[in-house]
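Residues per chain, in single letters:
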Amino acid sequence: MLRTASLAACLLVLLVQTAPTAARGRASEARDLLRAYLELDTSNPPGNENLAARFLRRTLNDAGVPTRLLVSPGGRPSLYARLTSEHPDRGALVLLHHMDVVPPGPGWTSDAFAAEVRDGRLWGRGAVDVKSLGIAHLEAFLELHRGRATLTRDVIFLAVADEEAGGIEGTGWLLAEHGELFERVAAVLGEGGSNRVYRERLAWWGIEVAQKRPLWLRVSAEGRGGHGSSMNLHTAPHRLVRALGRLAERRPSFRVSPDVRRYFESVAALQGSTFQELVDRLDEIVASPEPERELLPGLPNYLVDSVQINTLVSGDRVNVTPSRAEALVDIRLLPDTDADRFLGEVKEILGPDVTVEVLLRAPEAPASPTDTEIYGCFESFLSQRAPVVPTFIAGVTDSRYFRERSIPAYGFSPFILDGPDMRGIHGPDEKISLSAFDDGVRTTVDLVRACTTD
Ligand SMILES: [Zn+2]
């Protein structure tokens, strides 16, 4: 008895001593991995995800995990690794992130791929979107592999290419060509979640369950080129500009989609009285002549099909008239918008002088259900720290490819980020607070363990 008691005491001392050491070890391992990951320039285009796939593959193989590299016909790799359980029938949990990043663009105060540590933050393109999440998933996956806990379901680590350009060569291709890898999947955990921080405290976790759908267009015009001094009102640039001018002047129509209403209503209870009043009057506001006047900044995005003319390409000399001009238009549709009808309306506004080519278009996809076992597990684990809200995002992620196939996909960020961290997404000086990163890795490891082991 005494021996047992002292053994137990020793074990306890050992546990108390090793637990923080293990956590510290994991934190520094994760930071090192993130720095190495951020040093790889995977700007899309062209992506160069082979750099990232090689790095992740080596890390997994060194830990004894076999991997599978799947390469699209365009040469874009995705990496797949699976920990198997004795319950494949319960459906796997997929940990999904994308390896590509948007190009750095101008305005950086440091090298976007130097992975510099400054002011307690790690700087680099992909620090928030979304290599930090990839490393948190990797840590959770390795922890399951190294640990002794019994898996209650299979767990898949999936790193994909091409998300930033629509996922056509990444998740889109993988699901179309290698559907067998995702046959028994219960849910996907990927990017897209957003957490509300109020006065430096986490007010709620947001698990994204629905989003807008992309409809990306190339609009082009042709005309006689030549010397820039010749009077000609029907050149390619003139035709294009006139058509786009009409599109830019189009008044968006406001409406409340069911998924958006559900999101606003679930958030309202946690957001204070101003937001609650706004949600109570939402139908009235949306029906008013100028809804944007009454809505808080950012909210119109959730209530319209947005049309953004983002790229204009034509001649490059003031005295030469080019024979072709084109624009890329980024349209984001609400979940229940009829894409055909909307496209028809856009074409009519643009008129007969231009050609419209659809570059990317997503079918309707159901919101991911919140009554699944996995969502329930996420919710009960995370709500120990803050309430959990199923959210809707105005952006798009690869989750849509899974939802189109009725596989529940949940967007969740384990990182509690402040304004400076959030501002760097797709802009200059992307960075992540190291303490937020450590905390997020810990959250992910514990969350994944809680929902996939006994
Ligand atoms: Zn992303």
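For clarity, every value in this text was computed on a predicted model and none was experimentally measured.

Calculation notes
Residues numbered from 1 in each chain as written. Predicted model: local features only at pLDDT ≥ 70, side-chain atom pairs only at ≥ 80, totals over all residues. Heavy atoms only, no water. Donors = N, O, S within 2.8 Å, 3.2 Å for Na, K, Ca; no water. Tetrahedral: all angles 85-135°; square planar, octahedral: opposite > 155°, others 65-115°. Phe/Tyr/Trp six-rings, centres within 6.5 Å; stacked < 30°, edge-to-face > 60°. Helix = DSSP H or I, 4+ residues; strand = E, 2+ residues; numbered from the N terminus. Buried < 20%, exposed > 50% of the residue type's maximum accessible area, 1.4 Å probe, protein only. Lys NZ or Arg CZ within 6 Å of the ring centre and 35° of its normal. Domains from an automatic or database assignment. Disulfide = S-S within 2.5 Å. Salt bridge = Lys/Arg side-chain N within 4 Å of Asp/Glu carboxyl O. Lys, Arg positive; Asp, Glu negative; His and termini not counted. Polar contact = N/O pair within 3.5 Å; in protein donor to acceptor, adjacent residues only side chain to side chain. Contact = heavy atoms within 4.5 Å. Pairing = 2+ DSSP bridges. Axes fitted to C-alpha atoms, helices over the stretch in contact; angles between N-to-C directions. Expected span 1.5 Å × (residues − 1). 1 Å grid on protein atoms, 1.4 Å probe; cavity = no way out; pocket = protein on both sides within 12 Å on 5 of 7 lines; lining within 4 Å. Points joined across faces, edges and corners; volume = space filled by probe spheres on them. Nonpolar A, V, L, I, M, F, W, Y, C, P; charged D, E, K, R; others polar. Parallel < 35°, antiparallel > 145°, perpendicular 65-115°, else oblique. Left-handed = near helix turned anticlockwise from the far one by under 90°.

(A) Focus on the coordination of the zinc ion. Donor atoms from the polypeptide that bind the zinc ion are His-98 (NE2), Asp-129 (OD), Glu-191 (OE) and Glu-191 (OE), placed at 1.9 to 2.7 Å. Every donor counted, the four donor atoms about the zinc ion form angles of 51 to 148° at the centre, which fits irregular coordination.

(B) Local environment of the packing of aromatic side chains. Scanning the entire structure with this criterion turns up 13 aromatic pairs. Centre to centre, the rings of Trp-205 and Phe-412 are 5.4 Å apart; their planes meet at 55°, and the pair counts as tilted. Remark: Phe-412 occurs in the loop between strand E17 (409-411) and helix H12 (419-423) and Trp-205 occurs in strand E9 (residues 201-211); sequence separation between them is 207 residues. As far as the burial class goes, Trp-205 and Phe-412 line up, both buried. Aromatic side chains Phe-415 and Phe-437 sit 5.8 Å apart centroid to centroid with 25° between the ring planes, which places their arrangement in the stacked category. Of this pair, Phe-415 sits in the loop between E17 and H12 while Phe-437 is found in helix H13 (residues 434-452), placing the two residues 22 residues apart along the sequence. Exposure remark for Phe-437: the relative accessible area of 0% places this residue in the buried category. An aromatic cluster is defined as three or more aromatic residues linked by ring pairs; in this entry it consists of Tyr-263, Phe-264, Phe-275, Tyr-302 and Phe-392. Residue placement shows Arg-118 over the ring face of Trp-123; its charged tip is 3.9 Å from the ring centre.

(C) Focus on the domain arrangement of the protein chain. Taken domain by domain, the protein chain comprises domain 1 (22-191 + 413-452) and domain 2 (213-361). Using only C-alpha atoms to locate each centre, domain 1 and domain 2 end up separated by 32 Å.

(D) A look at the state of the cysteines. Applying the stated criterion to the full structure yields one disulfide. Across the disulfide, Cys-377 is cross-linked to Cys-451 (sulfur-sulfur distance 2.1 Å). Residues Cys-377 and Cys-451 are joined by a disulfide whose S-S torsion is about -95°; by sign, that bridge is left-handed. Here Cys-451 lies in helix H13 and Cys-377 lies in helix H10 (residues 373-382), a separation of 74 residues in the sequence. Given a relative accessible area of 7%, Cys-451 falls into the buried group.

(E) Summary view of the pattern of salt bridges. Scanning the entire structure with this criterion turns up 33 salt bridges. Residues Arg-118 and Glu-116 are paired through a salt bridge, measuring 3.2 Å at the closest nitrogen-oxygen approach. For Arg-118, a relative accessible area of 25% gives the class partly exposed. What you see here is one network of salt bridges that share partners, running through Arg-218, Glu-222, Arg-324, Glu-326 and Glu-357.

(F) Inspection of unusual backbone geometry at higher detail. With an omega of 5°, the peptide bond between Asn-44 and Pro-45 qualifies as cis. Following the sequence through the fold, Pro-45 ends up in the loop between helix H1 (2-38) and helix H2 (49-62). Look at Asp-429: it is not a glycine, yet its phi comes out positive at around 55°.

(G) Spatial organisation of the side chain of Lys-212. Checked against the element boundaries, Lys-212 lands in the loop between E9 and strand E10 (213-222). No salt bridge is formed by the buried Lys-212; its nearest oppositely charged neighbour, Asp-305, is found at 6.2 Å. There is a polar contact of 2.5 Å between the side chain of Lys-212 and the backbone oxygen of Asn-301. A polar atom in the side chain of Lys-212 sits 2.9 Å from the backbone oxygen of Val-304. Contact partners of Lys-212, with chain neighbours within four places excluded, come to Asn-301, Val-304, Ser-306, Arg-332, Leu-333, Leu-334, Phe-392, Ile-393, Ala-394, Gly-395 and Val-396.

(H) Spotlight on the sheet that holds strand E5 (residues 121-123). With antiparallel pairing, the three strands of this open sheet are ordered in space as E4-E5-E18. Each of the sheet's edge strands pairs with one partner strand only, and the pair in question is strand E4 (116-118) and strand E18 (431-433). Taken pair by pair, the neighbouring strands of this sheet meet at an average axis angle of 25°, ignoring direction. Across the sheet, H13 is in contact with E4, E5 and E18; its angle to E18 comes to roughly 70°.

(I) Expanded view of H13. Compared with the 27 Å implied by 1.5 Å per residue over 19 residues, the 27 Å span of H13 between its first and last C-alpha is a close match. The element H13 is extensively covered by neighbouring structure, given that 14 of its 19 residues are classed as buried.

(J) Highlighting empty space enclosed by the protein. Going through the model one piece at a time under the given rule, you end up with four cavities of 30 Å³ or more. Considered as a void within the structure, the largest cavity measures approximately 90 Å³ in volume. What lines the largest cavity is a set of 14 residues, among which Gln-211, Arg-213, Ala-365, Pro-366 and Arg-403 lie closest to the centre. Broken down by secondary-structure element, the contributors of at least two residues to the lining of the largest cavity are E9 and helix H11 (399-404). The class makeup of the residues in the lining of the largest cavity is seven nonpolar, one polar and six charged.

(K) Layout of the pairing of strand E1 (residues 68-71). Pairing analysis gives four bridges linking E1 to strand E2 (residues 77-83), with the strands arranged antiparallel. Among the inter-strand pairings, Arg-68 is bridged to a residue of E2, identified as Tyr-80. Here E1 hands over to E2 after five residues, with Gly-75 in that stretch at a positive phi of 85°.

(L) Structural detail: the packing of helix H3 (residues 131-146) against H13. One can describe the packing of H3 onto H13 by two numbers: an axis separation of 8 Å at closest approach and a directional angle of 45°. In terms of axis orientation, H3 runs oblique to H13. Viewed along their axes, H3 and H13 form a crossing whose handedness is right-handed. Of the residues in H13, those touching H3 at Ser-132, Ile-135, Ala-136, His-137, Glu-139, Ala-140, Glu-143 and Leu-144 are Phe-437, Val-441, Thr-444, Val-445, Val-448, Arg-449 and Thr-452. When its residues are assigned to classes, the contact of H3 with H13 shows eight nonpolar, four polar and three charged.

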